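# Close look at the chain arrangement
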Amino acid sequence: IGILGGGQLARMLALAAAPLGLRCHVFSPEKDSCAFDVVHAGTCASYEDETALGRFANAVDVITYEFENVPAKTAAFLAKRKTVLPDPKVLETTQDRLIEKDFVSALKIATAPYASVHSATQLAEAVKAVGLPAVLKTRQLGYDGKGQAKIAKGGDAIAAWRSVKNAPAILEGFIDFEREVSVVAARSRDGAVECFEVTENEHRDHILKFSRVPAKVTPALAREARQVATRIAKAFDYVGVLAVEMFVVRKGRQRTVLVNEIAPRVHNSGHWTIDGATVSQFEQHIRAVAGWPLAKPVRLGSRVEMTNLIGQEINDADRWLTVPGASVHVYGKGEARARRKMGHVTRVWPAK
Ligand code: AMP
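Everything in this summary refers to the structure shown in the same document. No experiment lies behind these values; they were computed from the predicted model shown.

Calculation criteria
- Residues numbered from 1 in each chain as written.
- Predicted model: local features only at pLDDT ≥ 70, side-chain atom pairs only at ≥ 80, totals over all residues.
- Heavy atoms only, no water.
- Phe/Tyr/Trp six-rings, centres within 6.5 Å; stacked < 30°, edge-to-face > 60°.
- Helix = DSSP H or I, 4+ residues; strand = E, 2+ residues; numbered from the N terminus.
- Buried < 20%, exposed > 50% of the residue type's maximum accessible area, 1.4 Å probe, protein only.
- Lys NZ or Arg CZ within 6 Å of the ring centre and 35° of its normal.
- 1 Å grid on protein atoms, 1.4 Å probe; cavity = no way out; pocket = protein on both sides within 12 Å on 5 of 7 lines; lining within 4 Å.
- Points joined across faces, edges and corners; volume = space filled by probe spheres on them.
- Nonpolar A, V, L, I, M, F, W, Y, C, P; charged D, E, K, R; others polar.
- Axes fitted to C-alpha atoms, helices over the stretch in contact; angles between N-to-C directions.
- Parallel < 35°, antiparallel > 145°, perpendicular 65-115°, else oblique.
- Left-handed = near helix turned anticlockwise from the far one by under 90°.
- Contact = heavy atoms within 4.5 Å.
- Near = heavy atom within 4 Å.
- Pairing = 2+ DSSP bridges.

For the coordinates displayed, the defined rule picks out seven aromatic pairs. For the ring pair Phe27 and Phe56, a centre distance of 5.2 Å and an interplane angle of 65 degrees mean the geometry is edge-to-face. Of the two residues, Phe27 is situated in strand 2 (residues 25-28) and Phe56 in helix 2 (residues 50-59); the sequence distance between them amounts to 29 residues. Judged by relative accessible area, Phe27 falls into the buried class, the value being 0%. Given a relative accessible area of 1%, Phe56 falls into the buried group. Three or more aromatic residues joined by ring pairs make a cluster, and in this case those are Phe27, Tyr47, Phe56 and Phe67. The ring of Trp349 carries the charged tip of Arg303 above its face, separated from the ring centre by 3.7 Å.

Okay, structure coming up:
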């Protein structure tokens, strides 16, 4: 299995492939990629290097990726030579927040109100249409709060526009959500879908800090959230694992979900499944791209909590080693830079 990208997601995919007897070959432009430590083969070359890409394609049976910003040209080049899963057309949608929101809306799935912004004039119109407070987000290449600027009620929209460097953007209504949840879903080559349990996510400073199951949601809301993820996976004719991030909001006396973002890959909010479920998101993804049947995921324990170890927090990882029910995952990255995801810990509480 060829994997584009060499970060912790590729590393955990390769670790999940090994017990199934499958070998992974990671392609990454960075020589200190932490996935290189655990794979059968590695190619360190640029995504524009067609000779290296050609060799990589010849060396594997199927290609997948660990991140959504694979350059379109790279994906197209590889897709001519080998099966690339999920299909690269999914990237065209998920690499652009406007196209993604339009795609979700066309499925009649709710999102925050939004409007396209590509000029200061259009921004003023968008503010009128969407209202304030709002968040201005660049259409491309934003993650962990990068390329985002909040505009408060009565705030300075032009300052926000300058702060995203006048890049094509969308203005999104600021959602006063009750909680944030995600659904990690897997779809096999024959169209079967298996969703993991709805996961509750807590961000700090725009970065995921905790994921918890069970989420504090009603069975009806959990069903709605799983249906949203399933419909998105089907609409893409998706093969592999995807994650749908959602806001839970009040609607009168009821609660409902708004889709925030789709990640066409394994996702941080699914890391708890390695230790906390009968099958992990990584194994499900490997099974799907290998053309194998999916497993039915069942949670182990009464509850599970995943804590990200960010930046210097990795230096205290050893204090978790003796905590009952805790599993420590250190990604083996080099420098513990601020905001960098360095590892995670999963705690599983025994079933009652
Ligand atoms: P994103 O990069 O779109 O996933 O946003 C990162 C985080 O910022 C989300 O998980 C939310 O906590 C917050 N956020 C993003 N968009 C909105 C919004 N429209 N309203 C309120 N909070 C938001």
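So, about the environment of Pro19. Its location among the elements puts Pro19 in the loop between helix 1 (8-17) and strand 2. Between the alpha carbons of Pro19 and Glu283 there is a distance of 9.3 Å; along the sequence they are 264 residues apart.

Attention now goes to the layout of surface pockets. Size it by volume and the second largest pocket reaches roughly 250 Å³. Tallied by class, residues from the lining of the second largest pocket come to eight nonpolar, two polar and two charged.

The subject of this paragraph is the packing of helix 2 against helix 3 (residues 72-79). The interhelical angle for the contact between helix 2 and helix 3, taken along N-to-C directions, is 45 degrees, at an axis separation of 10 Å. The angle between helix 2 and helix 3 places the two elements in the oblique class. Considering how the two elements wind past one another, helix 2 and helix 3 form a crossing that is right-handed. Across the interface between the two elements, Glu50, Leu53, Gly54, Phe56 and Ala57 from helix 2 touch Lys73, Thr74, Phe77 and Leu78 from helix 3. Across the contact of helix 2 with helix 3, the residue classes break down as five nonpolar, two polar and two charged.

Taken together, 16 residues surround the ligand, and among them Lys137, Gln148, Ile175, Glu180 and Glu261 come closest. When the residues that make up the shell around the ligand are grouped by side-chain class, the tally is five nonpolar, five polar and six charged.

Let us now look at the environment of Thr111. When you line up the elements, Thr111 lands in the loop between helix 5 (97-106) and strand 6 (114-117). Counting along the chain gives 61 residues from Thr111 to Glu172, while the straight-line C-alpha distance between them is 9.2 Å. When sequence neighbours within four positions are dropped, the list of residues in contact with Thr111 reads Lys101, Val104, Ser105, Leu258 and Val259.

Another point: the pairing of strand 18 (residues 341-349). Within strand 18, seven of the nine residues are buried, which leaves the element mostly enclosed by the surrounding structure. Bridging between strand 16 (residues 303-310) and strand 18 involves eight bridges; their strand directions are antiparallel. Each bridged residue has a counterpart across the sheet, and for Val304 the counterpart in strand 18 is Val348. With five bridges joining them, strand 17 (residues 326-330) and strand 18 adopt antiparallel strand pairing. Each residue of the ladder has a partner; that of Val330, found in strand 18, is Gly343.

Right, let's get into the side chain of Thr94. Mapping Thr94 onto the fold places it in helix 4 (residues 89-94). In this structure Thr94 touches Glu68, Glu100, Phe236, Ile262 and Pro264, once residues within four positions along its chain are discounted.

Take it as geometry only, folks, not as evidence of what the structure does.
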